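# Geometric and topological summary
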Amino acid sequence: MSFAEHIAPIFRAAMEVLRDAERPLQPAEVREAVAARLTIDPEHEKPNAHGQIRWHSQLGFRTGEAASIGWMTKRNGWAITQAGIRALEDFPGDELYRALGRQYRARRQANETRTYTDPRWKQVREALARVTPGMWTTYGDLAELVGMAAQSVGGFMAESGAPGAHRVLQANGKVSPGFRWPDPERADDPQAVLQQEGLKFDNAGRADQAKRITVDRFRKMFPDAKVPTSPTETQDDSNGLPAPFDQFQQNISYARQLIQGGRNLEHLKVGAFDVTDLYRAAWSQAVAAIDHWVTREIVDRGVVLALRPGIPRPAKFDKLTMPVAVFEKIHHYSEPLAEVFRAHLEQEFEFKTFQSPEKIQEGFAHVSEVKLWVKVAEILTGQDPSSPVTSDEVRARMREIARRRNNIAHTADHNPDQPEQKLHITASEAEQTIDWLESIALAIQQALGDPPPPTIDYDSAPTEAGTLGPAPEPVGERLDDTSHAKRGWGEESLLQVINRYCPDKVAHALLEVYRHAERHVAFRGYHYGEGAYPSVTARFSVGTDEAAAWSIYIGVTKALLSINFGELRDHGVSAQTLSQLAGILSRLPGWTDVPRRLKKANYAARVSIESAALAEPNTANVVLEAFNALLAASSDRS
């Protein structure tokens, strides 16, 4: 059984426990209730390398992901939200766990900001391509080949979806416990896949060492490979690291492991050293986790703002300075904007610390205009109204945590009243601090909101639809004589082009859909395109938001009605409603497999009804039925 198949029912049971409790529960209470509901595999009851029970550790990570997408909260215990309850309804069985993976990855930084420009990553890919079925290698072998850290190689494998990543194992020949397939729909056991490829494993789950490609064998394959030796060259590419919040969760988990280690030693009554220093180390680790996460979050959001010039920007972002050398790299040498600007931001923020509330707010002001601590306090209060908190109280506690961390780091946590002694600290105090900082990070994420989605050019037809043929000429309309002017379309010119270039049945279907929009109570307006091809996009109210639901494009040889699933999803339409929309549209010719493909893509797609299907007599009726159902469901959810 794969790891996903083990953790999926555990995660679902935890969410159901929180739903049934109808109140916040402490993590230990949730784990106890889950263990009473399920039979946990003995392998996952064992401690990991840091002394934590494996399924406890993994449930902590998964609930962190759930909290980051709004399915639950972690203030004063764990509690499920209405969004989490809807997710339990929308995603039966193990599909809940897969939906968590899809939605969490969708909330991460857009792929266009993740670049792997260091030439060593190309070398890693080339080496991985030499690991044929039946063979394996390790993160350490690949890392040593190119002069990187094994952790960075592991992060690269997870983030880039490199082909053959399942053939990269731990040094002992075992599959990494944190391995995940790039495709969130894939749940098969990587060890089973490797065995099917011809690789043998012993009873302890260790791969045949004779089939391992070591760094020495790689070097014979790549005799010209250069291992960097200078400090600059050996510095790991930051893009090989996990996504910002993933790394924050890992660092917070490490802080909790320090506390668990201290408790174990206390039970053993070890007197060789002061066990409470482990609690101080955990406190410092948690503050460092926040500091590092804030830096990476600012950089990632800054790159998004640079790549999407049409979206609003904070005043502090527009005042960021850029050296002429950076400008020249982009303008004269055509280096990628994402890569160059990311490096510039990292240099801008790498020596700044984000531990005090004032510094954290100042940093995020570069990428957001939200009143950070006011909004964070509102979110925390909303999570537990019985324990309201003000922005002043949030800032005060953050300052106190930062001061204690500085005292630990610089004076070994001395007591100012008794300099020869340390301040008192307990495991519970350190644990409460870690829980608080985790809840603060989650609240900051929610306060800032998701990075804005990519700007979609609805003046242009989806590229996957192929050519529309020559662009139609406007009927009875004079073009601007200037070569650089955009051609604007309006209702009159669009309708004239439809009637002139589209076959009668296609024109009838398009006009039925077009006229239906303006008659619907949820209709909010048309946008007529300015591109070479005539187009119109209809906007509708979907709950409390608006979305560009469909677009029409006209070419001389082909017309399209594009259904904008991605836009609807990004503006709050649920997966259940989108599934219903796709299900009705599946009655169209050639659309039988479309619902499955849309679900696999987490509905982040635009799909088009082309001329042949538009000419079918029932197409307009199916489309109108689908959109009536969509808009009715969206209205009910508001």
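Everything below is about the structure printed above this text.
Residues numbered from 1 in each chain as written. Predicted model: local features only at pLDDT ≥ 70, side-chain atom pairs only at ≥ 80, totals over all residues. Heavy atoms only, no water.

## Looking at the overall build of the protein chain
What counts here: The helix and strand labels rest on DSSP assignments: H or I over at least four residues marks a helix, E over at least two residues marks a strand, and numbering proceeds from the N terminus. Only protein chains enter the calculation, and the probe is 1.4 Å; a residue is then buried if its accessible area is under 20% of its type maximum, exposed if over 50%, and partly exposed in between. Residue contacts are defined here by distance: any two heavy atoms, one from each residue, within 4.5 Å place the two residues in contact.
When helices and strands are tallied, the protein chain shows 27 helices and eleven strands. Here the protein chain holds 638 residues, and the buried ones make up 49% of them. Across the protein chain, every contact between residues at least 6 apart in sequence was considered, and the portion connecting residues at least 24 apart equals 69%.

## Examining the sheet that holds strand β7 (residues 523–528)
Quick note on the threshold: Paired strands, in this sense, are two strands between which DSSP finds at least two bridges. Every axis corresponds to a line fitted to the C-alpha atoms, with the helix fit spanning only the stretch in contact, and the corresponding angles, defined between N-to-C directions, vary from 0 to 180 degrees.
The five strands lie next to each other as β7-β8-β9-β10-β11, forming an open sheet whose pairing is antiparallel. With partners counted over all chains shown, the strands left at the sheet margins are β7 and β11 (606–610), one partner each. Across the sheet, the mean angle separating the axes of adjacent strands is 20 degrees when strand polarity is ignored. Bridge analysis of strand β8 (residues 535–542) against strand β9 (residues 545–554) gives eight bridges, and the strand direction is antiparallel. In the strand pairing of β9, F540 is matched with A547. Here helix α22 (residues 504–519) sits on the sheet in contact with β7, β8, β9 and β10 (559–564), set at roughly 130 degrees to β7.

## Topic: the pattern of salt bridges
The criterion, for reference: In the sections that follow, a salt bridge refers to a side-chain nitrogen of Lys or Arg positioned within 4 Å of a carboxyl oxygen of Asp or Glu.
Going through the model one piece at a time under the given rule, you end up with 35 salt bridges. Note that R539 and E567 form a salt bridge whose closest N and O atoms lie 3.9 Å from each other. With R539 in strand β8 and E567 in helix α23 (residues 565–570), this residue pair connects regions lying 28 residues apart in the sequence. Since its relative accessible area comes to 10%, E567 is described here as buried. Between E625 and R587 there is a salt bridge; the shortest N-O distance is 2.6 Å. Of this pair, E625 sits in helix α27 (residues 619–637) while R587 is found in the loop between α24 (575–585) and α25 (594–600), placing the two residues 38 residues apart along the sequence. Given a relative accessible area of 48%, R587 falls into the partly exposed group. Through salt bridges with shared partners, a single ionic network connects D274, D277, R280, R404, D413 and K422.

## A look at the packing of helix α18 (residues 372–383) against helix α19 (residues 391–411)
Helix-helix packing: each pair is described by the crossing angle between the helix axes and the interaxial distance. In plain terms, the rule: Orientation categories follow fixed angle ranges, with anything under 35 degrees roughly parallel, anything over 145 roughly antiparallel, 65 to 115 roughly perpendicular, and all other angles oblique. When residue character is reported, Ala, Val, Leu, Ile, Met, Phe, Trp, Tyr, Cys and Pro are called nonpolar, Asp, Glu, Lys and Arg charged, and the others, Gly included, polar.
Interhelical geometry of α18 versus α19 gives an angle of 100 degrees and a closest axis separation of 8 Å. The orientation of α18 with respect to α19, classified from their angle, is roughly perpendicular. Contact residues: α18 offers W373, V374, V376, A377 and L380, while α19 offers S391, V394, R395 and M398. Class assignment of the residues belonging to the contact of α18 with α19 gives a composition of seven nonpolar, one polar and one charged.

## Observations regarding the packing of aromatic side chains
Rules: Stacked, tilted and edge-to-face are the three classes applied to pairs of Phe, Tyr and Trp rings, where Trp contributes its six-membered ring and a pair requires centres within 6.5 Å; stacked means planes under 30 degrees apart, edge-to-face means over 60, and tilted covers the rest. Any Lys NZ or Arg CZ that is within 6 Å of a ring centre and within 35 degrees of that ring's normal is treated as a charge sitting over the ring.
Within this structure, the stated rule accounts for 14 aromatic pairs. Seen from their ring centres, F565 and Y603 are 6.3 Å apart, and the 25 degrees between their planes marks the pair as stacked. Of this pair, F565 sits in helix α23 while Y603 sits in the loop between α25 and β11, and the two are 38 residues apart along the sequence. Residue Y603 is classed as buried on the basis of its relative accessible area, which comes to 6%. Put simply, the rings of Y514, F523, Y526, Y528, F540 and W550 pair up and form one aromatic cluster. Positioned above the aromatic ring of W283 is the side chain of R404, whose terminal nitrogen or guanidinium carbon lies 5.3 Å from the ring centre.

## Here's the deal with the pairing of β8
The buried fraction of β8 is high, at seven of eight residues. Sheet analysis places β7 next to β8, joined by five bridges and oriented antiparallel. Opposite F523, over in β8, you have F540 as the bridge partner. The hairpin turn running from β7 into β8, its antiparallel successor, is six residues long.

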